[in-house]
Amino acid sequence: MNQYPDYSLLELASVREGDSVGATLANSVAYAQHAEKLGFKRFWLAEHHNMEGISSSATSVLIGHIAGNTQTIRVGSGGVMLPNHPPLVIAEQFGTLESIYPGRIDLGLGRAPGTDPITARALRRDGMGAEQFPEDVAQLQALLAPLQPDQAVKAIPGAGTNVPVWLLGSSLYSAQLAAMRGLPYSFAGHFAPRLYREALKVYRDNFQPSEQLKEPYAILAVPAVPADSVEEAEYLATTSYQRILSLFRGQPLWLKPPVKSMEGLWNAGEKATVKDFLGLQLLGDAATIKSQLDQLLANVTVDEVMFTVDIYDPEKRRHALDILEETRQA
């Protein structure tokens, strides 16, 4: 492992209040291109449904769009919520992506629906959902593997592409499954900070080598608000606070402009809940974030840190990546 982890990005394609989806996705492309120029390793897109303000529902389509507008950065799903889809469809989609952009596609899988129960039922035909996640993962891996004699169901394209499969999680379940199957693992610390130490330890302690992966490989996803000063970062962070507050209130998740103060926008209980949700948030200038990151990484072993950056102004959001890259050079 490198002395310092690689850096990657997780994108939800959040729509700014009043913006169009088209403008949002154009900003996502520019964001990915800037990350690539700085040497970030991956750019993953998260699957969400029925959420006003998040435009990453057609995840595989967006992966193709980002990959087609970049050259070297790995592009993938963070993740595809497998209970929503037949494994064959995902194998065909990602087999196609891998055929167009060889060696650049990642298939991260989650077992949550990424939406509410009614929408989950609208997405999935048989209602089995998360219960059959381990079987669905195994089926998907088999469909992406080389064809076997007398194989009845084939993913064409897909078979033989061996698209790297990742397991994503916010609890110990996926950590255990990733370890048992010998798959790379990513922990969702950007919204579920509590179990990150335990999950990453369970994964490394129980890892069994596989054909895909000989040694454990883990990502920790964290929220970050990098800026030129701590004061500016605290101001910019109010965009994220408003968005998480809307999530808990069941309101649309439009990205809102930062405000001078959150007082009057939330009560004490809501403030505590939002701060808890963002428990691993890195916030400040390059030196401050470097210090926060060093503290975080002192407790865990990870190969990559994957950032979510909720900043309202697209130019400031791209500049935030310059500041993150500074922390790697420091």
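Structure first, text after, so check above.
Here the structure is a predicted model, which means the values were calculated and not measured.

Colleague: Help me out: how do you make sense of the layout of surface pockets in this one?
Modeller: Empty pockets left among the atoms are what a rolling probe the size of a water molecule brings to light. In this structure, the second largest pocket encloses a volume near 260 Å³. What lines the second largest pocket is a set of 13 residues, and nearest its centre among them are Gln 141, Ala 145, Asn 162, Glu 211 and Gln 212. Each residue belonging to the lining of the second largest pocket can be placed in one class, and the counts come to six nonpolar, five polar and two charged.

Colleague: What should I look at first to understand helix 9 (residues 268–277) in this one?
Modeller: For an α-helix, the turn length of 3.6 residues means that residues three or four places apart are oriented alike. Residues of helix 9 that are buried include every one of Glu 270, Val 274 and Phe 277, and no others. End-on view of helix 9: buried residues confined to an arc of 60°, all on one side of the axis. Those residues of helix 9 that are buried are in contact with helix 8 (230–249). Two or three places before Gly 269, at the opening of helix 9, Asn 267 has a side-chain oxygen 3.0 Å from that residue's backbone nitrogen.

Colleague: Please clarify how helix 8 should be interpreted in this entry.
Modeller: In this model, helix 8 (20 residues) spans 28 Å end to end at C-alpha, consistent with the 28 Å of a helix rising 1.5 Å per residue. Roughly 25° is the biggest bend found in helix 8, and it falls at Thr 238. Taken residue by residue, helix 8 has Ala 233, Leu 236, Ala 237, Thr 238, Thr 239, Ser 240, Tyr 241, Gln 242, Arg 243, Ile 244, Leu 245 and Ser 246 as its buried positions. Taken together, the buried residues of helix 8 touch strand 7 (218–226), helix 9, strand 8 (282–284) and helix 11 (314–329). The positive-phi residue at the C-terminal boundary of helix 8 is Gly 250, with phi of around 70°.

Colleague: Sorry if this is basic, but what is going on with the side chain of Ser 210 here?
Modeller: Its place among the elements puts Ser 210 in the loop between helix 7 (196–206) and strand 7. With relative accessibility at 16%, the residue Ser 210 sits in the buried group. In this structure Ser 210 touches Arg 181 and Gly 182, once residues within four positions along its chain are discounted.

Colleague: Teacher, can you tell me more about the nonpolar core here?
Modeller: Core analysis: the biggest nonpolar cluster contains 96 residues, and Leu 107, Leu 109 and Phe 307 have the highest contact counts within it. Of all the elements, strand 7 adds the most residues to this core, at seven residues.

Procedures and definitions
Residues numbered from 1 in each chain as written. Predicted model: local features only at pLDDT ≥ 70, side-chain atom pairs only at ≥ 80, totals over all residues. Heavy atoms only, no water. 1 Å grid on protein atoms, 1.4 Å probe; cavity = no way out; pocket = protein on both sides within 12 Å on 5 of 7 lines; lining within 4 Å. Points joined across faces, edges and corners; volume = space filled by probe spheres on them. Nonpolar A, V, L, I, M, F, W, Y, C, P; charged D, E, K, R; others polar. Buried < 20%, exposed > 50% of the residue type's maximum accessible area, 1.4 Å probe, protein only. Helix = DSSP H or I, 4+ residues; strand = E, 2+ residues; numbered from the N terminus. Arc of directions from axis to C-beta. Contact = heavy atoms within 4.5 Å. Polar contact = N/O pair within 3.5 Å; in protein donor to acceptor, adjacent residues only side chain to side chain. Expected span 1.5 Å × (residues − 1). Bend = angle between axes of the 7 residues up to and from the residue. Core = buried A, V, L, I, M, F, W, Y, C linked by side-chain atoms within 4.5 Å.

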